[in-house]
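What the coordinates show
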Amino acid sequence: MASDAEFQSLLTATIDHLEALKRRGHRSVVLDPGTLQDLLASPTAPAVQPLPKPAPALSANPSFQSASPLPSAPSTPAAPKPALVTGESPVHSLATSLATSATIRVGLSREEKETAMAALKERALSCVQCSHLAAARKSVVFGVGDIHSPLMFVGEAPGADEDVQGEPFVGAAGQLLTKVIQTMGLSRETVYIGNLLKCRPDTPGGSLGNRKPTPDEMRTCLPYLQEQIRIIAPKVIIALGATAMEGLLGRSPVYITKMRGQWLQYEGIDLMPTYHPSYVLRNQSLATKRETWEDMLAAMERLGMPISDKQRGYFLK
Ligand code: SF4
């Protein structure tokens, strides 16, 4: 139980933090339902207007539970404080076209999430902001999976296979990601998978090879991902590869070998950078596979998922 002085100090720090976010252009904050309940129960509750329908706890998600039960609270509350990803980057300052129009997303109900995501998807499907990509694409690859999941994977951009099928991570790298997800005890249907860019970066003559998105393309498309994250409000984001991290951080270069395995925060959400599956496919070393798997184990721990001895031992000699 905090003393009055400690409570006042925490309250002041919270207000300062929210005001700093506002000055930086943020127009929404994500609160989990438990926090919302605590706020509503506080003596200052009249200042907070709840949404009409209370949101279910993420851990009560039946589809996620059926794959691997999640307790209501993470099992590692004493985890080290993560580093903060600041919102001062050029990418973040440009990423306001969707964010500024967002309502305060305080504990969206399942229906409200679904409505918001459907509306966002509709906008993305007809988006032609990058005219060169819109002209070359076969489909807009918006994202796939459970928008109520506490776990979200973020990659960089669709490749040729994804462009044809309209779904992220379906090529060789995607098949490896699917195996990783299954090894965690989950499935593609119980997590959410999205990309920084929703359209395939065009290639000369429409060739099959893939290219890295340009900083300008990433800046233009980032608001869609930001809004997806705000709607889903996952507990953990796993960023796949350096380019995904560059887009989220708004700076480059990012050295994923140095950054992976360390918890960061993205708009208050735990963020784990790790290798892109295509790098793991190219590299094939036991050490790289183990490091990638350790990042997944860390995410499972952060989510409070059960981990068997067999799972802990993968890719150890
Ligand atoms: S990449 Fe993103 S911003 Fe560019 S056209 Fe596609 S959906 Fe629109």
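Residue numbers restart at each chain and count upward from 1, following the sequence in its written direction. Local features are withheld for residues below a pLDDT of 70 in this predicted model, meaning they are given only at 70 or higher, and side-chain atom pairs are given and counted only at 80 or more; totals for whole chains, interfaces and linings count all residues. Water and hydrogen atoms play no part in the side-chain values, which are based on all heavy atoms of the structure.

On to the overall build of the protein. Helix and strand definitions follow DSSP, with helices as H or I runs of at least four residues and strands as E runs of at least two, each counted in order from the N terminus. Helix and strand counts for the protein stand at 14 helices and 7 strands. Across the 317 residues in the protein, those meeting the buried criterion constitute 48%. Accessible surface computed for the protein: about 15800 Å², of which carbon and sulfur atoms make up 57%. Relative accessibility under 20% of the residue-type maximum defines a buried residue, over 50% an exposed one, and the middle range a partly exposed one, all with a 1.4 Å probe and only protein chains included. In these tables, accessible area is a Shrake-Rupley quantity obtained with a 1.4 Å probe, and a residue counts as shielded only by the protein chains included in the view.

Before going further, it helps to examine the pairing of strand 5 (residues 236-240). The buried fraction of strand 5 is high, at 5 of 5 residues. Relative to strand 5, strand 3 (residues 151-155) runs parallel, the two sharing 4 bridges. Its bridge partner being in strand 5, phenylalanine 153 is matched across the sheet by isoleucine 238. Two strands pair if DSSP finds at least two bridges between them. In the sheet, strand 5 pairs with strand 7 (residues 269-274) via 5 bridges, with the strands oriented parallel. In the sheet register, leucine 240 faces strand 7, and the bridge partner there is threonine 274.

With that settled, the discussion passes to the site of the ligand. As a matter of local geometry, the ligand sits amid Cys127, Gln129, Cys130, Leu133, Arg137, Leu197, Lys198, Cys199, Thr220 and Cys221. Under the scheme applied, nonpolar residues are Ala, Val, Leu, Ile, Met, Phe, Trp, Tyr, Cys and Pro; charged residues are Asp, Glu, Lys and Arg; polar residues are all the others, including Gly. Tallied by class, the residues present in the shell around the ligand amount to 6 nonpolar, 2 polar and 2 charged. In these notes, residues near a molecule or strand are those with any non-hydrogen atom within 4 Å of it.

Our next topic: helix 13 (residues 286-303). A helix is expected to reach a length of 1.5 Å times the quantity of its residues less one. Taking 1.5 Å of rise per residue, 18 residues should cover 26 Å, and helix 13 covers 25 Å from first to last C-alpha, within 8% of that figure. Residues of helix 13 that are buried: Thr288, Arg290, Thr292, Trp293, Asp295, Met296, Leu297, Ala298, Ala299, Met300, Arg302 and Leu303. By the convention used here, residues are in contact when the closest approach between their heavy atoms is within 4.5 Å. Where the residues of helix 13 are buried, they touch strand 3, helix 8 (172-183), strand 5, strand 7, helix 12 (277-283) and helix 14 (309-313). Looking at the residues trailing helix 13, positive phi occurs at glycine 304, about 75 degrees.

Whenever a carboxyl oxygen of Asp or Glu lies within 4 Å of a side-chain nitrogen of Lys or Arg, that contact is scored as a salt bridge. This model, assessed by the stated rule, comprises 12 salt bridges. The residue glutamate 246 makes a salt bridge to lysine 212 at a minimum N-O spacing of 3.0 Å. One end of the pair, glutamate 246, is in helix 10 (residues 242-249); the other, lysine 212, is in the loop between strand 4 (192-195) and helix 9 (215-232), and 34 residues separate them in sequence. Note that aspartate 295 is salt-bridged to arginine 260, the shortest N-O span being 2.8 Å. In this pair, aspartate 295 is assigned in helix 13 and arginine 260 in the loop between helix 11 (256-259) and strand 6 (264-266), connecting sequence segments 35 residues apart. Arginine 260 shares its class with aspartate 295; the two are buried. Put simply, Asp202, Arg211 and Glu217 are held in one network by salt bridges that share partners.

Omega for the peptide link from serine 252 to proline 253 comes to 0 degrees, which places this bond in the cis form. Within the element layout of this structure, proline 253 appears in the loop between helix 10 and helix 11. Of note in this structure, glutamine 284 is not a glycine but carries a positive phi near 60 degrees. For glutamine 284, the position within the fold is in the loop between helix 12 and helix 13. You can call glutamine 284 partly exposed: its relative accessible area is 43%.

Ranked by size, the top nonpolar core spans 40 residues in total, and within it Leu225, Ile229, Met245 and Leu271 carry the most contacts. Elements with a minimum of two residues in this core: helix 5 (110-125), strand 3, helix 9, strand 5, helix 10, helix 11, strand 6 and strand 7. When residues in this core are grouped by element, the largest group, 8 residues, is from helix 9. In this description, a nonpolar core means a group of buried Ala, Val, Leu, Ile, Met, Phe, Trp, Tyr and Cys residues linked to one another through side-chain atoms lying within 4.5 Å. Listed in part, the 24 residues of the second largest apolar core include Ile181, Ile193, Ile238 and Met296.

Nothing here speaks to function; it is geometry throughout.
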